[in-house]
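For reference, the chains in residue letters:
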Amino acid sequence: MERVGFVGLGIMGTPMARNALRAGFSVTVTNRTADRAKPLAEAGATVVASPREVAERTDIVVTMVTNTPDVEAVTFGPNGIAAGAHEGLLAVDMSTISPAATREFARRAAANRPPFDTLDAPVSGGEVGAIEARLAIMVGGEAKDVARAMPLFEALGKTIVHIGDHGAGQACKLANQIAVAINNLGVSEALVFAKAQGIDLERTRQVIAGGAGSSWAMQNYAPKMLAGDFRPGFMVDLQQKDLRLVLEGAYAGHVSLPGTSLVHALYTALQQDGGGREGNHALLRVIERLSGIEARLR
Ligand code: NAP
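Residues numbered from 1 in each chain as written. Predicted model: local features only at pLDDT ≥ 70, side-chain atom pairs only at ≥ 80, totals over all residues. Heavy atoms only, no water.

1. Description of the pattern of salt bridges
So, point 1. For the structure on display, the rule yields 17 salt bridges.
So, point 2. With a closest N to O distance of 2.9 Å, Asp229 and Arg231 form a salt bridge.
So, point 3. With relative accessibility at 61%, the residue Arg231 sits in the exposed group.
So, point 4. If you follow the salt bridges from partner to partner, you end up with Asp117, Glu142, Lys144 and Asp145 in one network. (Salt bridge = Lys/Arg side-chain N within 4 Å of Asp/Glu carboxyl O. Buried < 20%, exposed > 50% of the residue type's maximum accessible area, 1.4 Å probe, protein only.)

2. Some points on the nonpolar core
So, point 1. With 33 residues, the main nonpolar core has Phe6, Met16, Val27, Val92, Met94, Ile137 and Phe153 as its most contacted residues.
So, point 2. Among the secondary structure elements, those contributing two or more residues to this core are strand E1 (4-7), helix H1 (13-22), strand E2 (27-30), strand E4 (60-63), strand E5 (90-93), strand E8 (135-140) and helix H7 (143-156).
So, point 3. In terms of nonpolar packing, the next biggest core, distinct from the first, is built from 28 residues, Val187, Tyr221, Phe234 and Val286 among them. (Core = buried A, V, L, I, M, F, W, Y, C linked by side-chain atoms within 4.5 Å. Helix = DSSP H or I, 4+ residues; strand = E, 2+ residues; numbered from the N terminus.)

3. Here's the deal with the domain arrangement of the chain
So, point 1. Domains assigned within the chain are domain 1 (3-166) and domain 2 (171-291).
So, point 2. Here domain 1 and domain 2 have C-alpha centroids that lie 28 Å from each other.
So, point 3. Contact between domain 1 and domain 2 buries roughly 1200 Å² in total, counting both sides, with carbon and sulfur atoms accounting for 69%.
So, point 4. Taken together, the elements giving at least two residues each to the side of domain 1 that touches domain 2 come down to strand E7 (123-124) and helix H6 (126-131).
So, point 5. For the side of domain 1 that touches domain 2, the leading source of residues is H6, giving 3 residues.
So, point 6. The residue makeup of the side of domain 1 that touches domain 2, split by class, is 8 nonpolar, 7 polar and 1 charged. (Domains from an automatic or database assignment. Buried area = accessible area lost by both parts, 1.4 Å probe. Nonpolar A, V, L, I, M, F, W, Y, C, P; charged D, E, K, R; others polar.)

4. A look at the site of the ligand
So, point 1. In the vicinity of the ligand lie 25 residues, with Asn31, Thr33, Arg36, Gly233 and Lys241 positioned nearest.
So, point 2. The separation between an oxygen atom of the ligand and a polar main-chain atom of Gly10 is 3.3 Å.
So, point 3. A total of 900 Å² of accessible area belongs to the ligand in isolation, and the protein chains cover 90% of it.
So, point 4. Counting residues per element, the ones that place at least two in the shell around the ligand are helix H4 (68-76), H6 and helix H11 (236-252).
So, point 5. Classifying every residue of the shell around the ligand gives 10 nonpolar, 9 polar and 6 charged.
So, point 6. A domain split of the shell around the ligand shows at least three residues from each of domain 1 (3-166) and domain 2 (171-291). (Near = heavy atom within 4 Å. Polar contact = N/O pair within 3.5 Å; in protein donor to acceptor, adjacent residues only side chain to side chain. Areas by Shrake-Rupley, 256 points an atom, 1.4 Å probe, with all protein chains shown as cover.)

Pasting the structure below:
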């Protein structure tokens, strides 16, 4: 069995590393804030001080950090993965970052001495999908590396699709984020409208979730919205990071995305209102404020 490493033990990295342990992999982890590695040490992972040490001790290293510069730092920075590379090392970035930078990182990894292989394998399914090992994983890179990482992917997710070459996984993830954000807006508007109509919000949510108006957001976010529980599974600041990547790609490719532009502006209002570290379903609060109507069960 391949030895597996994880760099980045946040909301997603922690349950993913835990699932790799559960599947029987030997797991080595590191996190910038060392305290956050404690639960994994208790679960049986080896904790080391740097991404370089993770790379030295493992065959496949997963990075699950915030944004493009963070992946660059843990991969090519001082004490990064490249510094601990050895023959046969495969670095799998499961964060959501720029597709163009991902292609550049693949080239730099191939030119490293010693060289190492890379995949981009961003995920969808939220914190709950990570905890329950039900993530959708969209993969970019060479087929031989995808085959090699497949047992690990199967320990973390349910829907695993090789999209294409390096960067294709990240491009697919950005397309996914368009659908996530606009579905989230649809759910927010539906609930505020239902409240204004004076109908029962829980019954409304239940029946919409079973019909053509359903979505992952309707099934997973609507109950939290109605309960006024805006703790993050996926933070607004991260959603905005993703939508910025989408809009940069759209600008470069001359693609008009009116829905995404609108949701991005609504999320900006939420950030300005102090909601950046709330869950992305806090978008409801912006829609509520526009009409002065609160769609909550209590
Ligand atoms: P998170 O809870 O904020 O965790 C981010 C992790 O990255 C932390 O462990 C953080 O270390 C580490 N990190 C950030 N910058 C770093 C740097 N420069 N050097 C070293 N470590 C660094 O975020 P998350 O929700 O797990 O998300 C991680 C990635 O998955 C993001 O790209 C996100 O867009 C994507 N994603 C998230 C979800 C979701 O539902 N949450 C779903 C799909 C995809 P510290 O602990 O030291 O801060």
